Every structure is written in C-alpha cells, then in structure tokens.
Amino acid sequence: GLRVDRITPDLIGRAEIDLDARMAGDDITLSTLSLQSKPLAITASGAANLATDKADLTYSILADDLEPFVTAYDVNAEGAIRADGAISGALSVPTLKGDASFTGLSFDEEPLGKVEIIHNATFGGAPEGDLNLSASGSRFGAVTFDGGFLLNDEILALSNMTATGLGATVDGDIDIDLSETLATGDVSIDAPDLSQLSEAVGQEVGGGVTGRIRLSSPGDKQAADLDVELNDLQAAGVSLESASVKGAATDILGAQKFDLLVNVEGVDAGVAQVASGQAKASGAIEDVIFDAQLSGVDANGVTLQSVTAKGEAQDALDKPQFNITLGVKGVDAGAAQIATGRATAVGGLDDVKLTAELNSIRVGDATVARSDLTARVKEGLSDDPAINS
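Participant: I'm lost on the overall build of the protein chain in this one. Help?
Facilitator: Within the protein chain, the secondary structure is distributed over three helices and 24 strands. A globule of 389 residues ought to have a C-alpha radius of gyration of about 21 Å, yet the protein chain, at 31 Å, is considerably larger. Dimensions of the protein chain, computed from C-alpha atoms along their principal axes, come out at roughly 110 × 40 × 35 Å. Buried residues in the protein chain amount to 28% of all 389 residues. Excluding contacts between residues fewer than 6 apart, the proportion of contacts in the protein chain whose partners are at least 24 apart in sequence is 31%. By element, 56% of the accessible surface of the protein chain is carried by carbon and sulfur atoms, the whole surface being about 22500 Å². Positive and negative side-chain charges of the protein chain, numbering 25 and 61 respectively, have mean locations separated by a distance of 6 Å.

What follows is the structure, encoded as structure tokens:
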C-alpha cells in the first residue's frame, strides 16, 4: 500500500524497505536505506551532522520502465533510468553530483535513444552548477550539450554553452527571464556540413552555414539581430553557391516585425538560374515592403540581363492586398528580344489590375517600339475567373 506523491500503490506493488540508521547527538549515520520493488529500486547511505549542517550521502535509482511513473505526472514518455550520485555540503544548500542514464527513451512518441546527463549543482537560494548531456540513437544522431547554469530569482543564466548535433556546433551565453519568457545574449553557429540534417528533415540537404544571433529584449519584447553566411547550399531541389542574411527582428513573440537584407550568388532552381541577387524586406509577416534585384537570369531558355521587383503586401495572411512593380532588362527568348519592360499588379487575389509595358521588341527583322497591355482579373483563384483587357 505504499504511495509516494502521485505514484500510487498499484504502480509500486509490493515493496521491501530496509532501513539501518543511528543518531548520536547531532550525528546521523545512515548505513542503509533501501526500497526494492518490481518497477523501482532506490538505495542510499551516508552521514549528516545537524549542528554543522553538513551531509555526505550517496544514492542510486533504478527503474526499468518509466512510463507508468511519468504518466502519473501527465507526461508521455518511455524508457529506463539508472541514476547514481552523491549529496554533499550543507544540508540547507546541498551539492548534488551524479550521473543519470536513460535507455530506450522516447518523449511524445519521438524516439530519443540513449541519453546521459552528468551534473554537478548546488541547490539553495540561487541554484547553480554545470551540466553535461550526451544523446545518441535518435533521428537527430549524436547530440551533446555542455554548460553552466545559475537560477537567480526568475533569471536563468546559461553560460559557456557548447552544443553539438546535426553537424553543427552552437556556442554562447544566454540569460532567460522565466517570468516573461525573454532571452538576452549571443549565440554563434558553425555548421560546415548540413548533410546530417537530411534524415531529420526528410530530404537531401547539403552545404554549410556560419553566423551569429544576438538576442535582446527592448521594451520587454523579444528581439534578435542575425548575421548568417551560407555556402554550397542544396535543399528542396535548389542550390546556391553562397548567400548572406543580415537583419533584425523585433517583437518575435508578438507582432513579429523584421528588417532583412539577403544576398545570393549562383542560384540554380532547376527551371531557373540566377547569377546574383539582392533582396530587402521589412515590416511584419502580414504587412511587408520589399525590394529585390536579380542579375543573369535564365528561365527555361529565356535569359534576362536583370529583373527588379518592388512593392508591398498587406493583410497577407487573410485577404492579401498588394502593389507590385516588376522591371526587366535585356530579355532574349531566342525568337524574340525585348530591351526593357515594366509590369504592375495592384489589388488582391479577388480583384487585381495588371499593366505591362514592353519596349524595343524585336522579332526576326521586325521591330515594335512599344507595346502596352492592361487587364483586370476578378476571382483569379476560382475555376472561372473574369478577365477584361
């Protein structure tokens, strides 16, 4: 009939408890503390002095099946655990040093394989210490984490962090305000071989990425500055020789505003290739202003010396409205060439006005100085759009 918090008698079953302890004055000697049951085994031994507030204890925990225990705490997990460690120092501010090893671990139906956690922490008014984690056997491959932590009031400081996994190394120091869920600090990433991402994302990925992310919380809103470089990237049938992404994002957990600058070189998307390009975008996800320039474009045999696109889109997540201007220069379609062109699209998906202006059109020996087109399309996404031109 043993019950421990939410762990009920039906989970523990029959338990054998063995206790051998002595108290002489302020000295307590624990020769043996043992709880043995079919699903759970716990042992401890050591000594403590109440007058000097000192303790020196060792412990061991073994459970072959975590599922019934964690289910009692509304956690969906499976696996086995073996933990060994020691408690030392002041009883009021104990130091816990040990090793916890999980095998056959899964969380929310996601297999995590084997996970080992080595810890050395002091618990008191401000818990602090070091944590080393290693994991293997999941779809993410081998993963490690090493760093220090300090919990002072509501601020969790993670220092000298180094994490590896999926071919990447991440280093940095971060302070997390647990009451506001806000983070400040700097993180760097070095991933020279992204191919290890392939299994995790379910498609072939290649190339490398390096960069830095700086986290801040001005006005109690999460913000981030990033500076990332990519090289020889291949993903989703698209490859590029190099790319850089620089910019800032503010109020990430709220309105999600951003200001980004992207440069690319040597893009190959199969049906189209781009020698180089630059794009700027700012605003929010649903209301964005953009300006892009591409050079050396080849799309299905049609080459363009340059392409520019600029404009804005509003209410993009619900009923998008847009005002876009597209410019082209040096178009060569083999049988026809166009010196310059300009097109606009104003409106929304249900009603958009299109204009186009083409200059110096040459087809064989014939030349057209200029051609203009105006059209209005209603219900463009329906099976029967109305087009007036």
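Participant: Would you take a moment to explain unusual backbone geometry for this structure?
Facilitator: If a residue is not glycine, its phi is most likely negative; likewise, a peptide bond is most likely trans. Located in the positive-phi region is Leu166, a residue other than glycine, with phi close to 55 degrees. When you line up the elements, Leu166 lands in the loop between strand E10 (155-165) and strand E11 (168-177). Positive phi, normally seen in glycine, also occurs at Ser360, with a value near 55 degrees. Locating Ser360 in the fold gives a position in strand E22 (residues 351-363). Judged by relative accessible area, Ser360 falls into the partly exposed class, the value being 41%.

Participant: Mind showing me how you'd approach the nonpolar core here?
Facilitator: When a protein is soluble and globular, its nonpolar side chains tend to lie buried together. With 20 residues, the main nonpolar core has Leu194, Val209 and Leu230 as its most contacted residues. Mapped onto this core, the elements with two or more residues apiece are strand E13 (205-216), strand E14 (223-235), strand E15 (238-250), strand E16 (257-268) and strand E19 (302-314). Those residues in contact with Val209, other than ones at most four positions away along the chain, are Ile189, Asp190, Ala191, Leu194, Val228, Glu229 and Leu230. Counting residues in each nonpolar core, the second largest holds 15 residues, with Ile7, Ile12, Ile81 and Phe102 among its members.

Participant: Would you take a moment to explain the pattern of salt bridges for this structure?
Facilitator: Close approach of charged atoms allows side chains of opposite charge to pair. The tally for this structure, following the rule as stated, stands at eight salt bridges. Notably, a salt bridge pairs Arg139 with Glu110, separated by 2.9 Å at the nearest N-O pair. Placement of the pair is Arg139 in the loop between strand E8 (128-136) and strand E9 (143-152) and Glu110 in strand E7 (residues 110-122), with a sequence separation of 29 residues. When its relative accessible area of 34% is taken as the criterion, Arg139 is described as partly exposed.

Participant: What should I look at first to understand the environment of Asp351 in this one?
Facilitator: Relative to the elements of secondary structure, Asp351 occurs in strand E22. With a relative accessible area of 26%, Asp351 lands in the partly exposed category. The spatial distance from the C-alpha of Asp351 to the C-alpha of Gly270 is 32 Å, given a sequence separation of 81 residues. Apart from residues no more than four positions distant in its own chain, Asp351 is found in contact with Val346, Arg376, Val377 and Lys378.

Participant: I would appreciate a short explanation of a nonpolar patch on the surface in the present structure.
Facilitator: Residues Ile17, Leu19 and Leu33 make up a contiguous nonpolar surface patch of about 300 Å² in total accessible area. Inspection of the secondary structure assignment puts Ile17 in strand E1 (residues 15-24). Using a relative accessible area of 56% as the deciding quantity, one classes Ile17 as exposed.

About the thresholds
- Residues numbered from 1 in each chain as written.
- Predicted model: local features only at pLDDT ≥ 70, side-chain atom pairs only at ≥ 80, totals over all residues.
- Heavy atoms only, no water.
- Helix = DSSP H or I, 4+ residues; strand = E, 2+ residues; numbered from the N terminus.
- Rg over C-alpha atoms; globule rule 2.2 N^0.38 Å.
- Buried < 20%, exposed > 50% of the residue type's maximum accessible area, 1.4 Å probe, protein only.
- Contact = heavy atoms within 4.5 Å.
- Areas by Shrake-Rupley, 256 points an atom, 1.4 Å probe, with all protein chains shown as cover.
- Lys, Arg positive; Asp, Glu negative; His and termini not counted.
- Charge placed at Lys NZ, Arg CZ, Asp CG, Glu CD.
- Core = buried A, V, L, I, M, F, W, Y, C linked by side-chain atoms within 4.5 Å.
- Salt bridge = Lys/Arg side-chain N within 4 Å of Asp/Glu carboxyl O.
- Patch = residues over 30% accessible without salt bridge, like charges linked within 9 Å, V, L, I, M, F, W, Y side chains within 5 Å.

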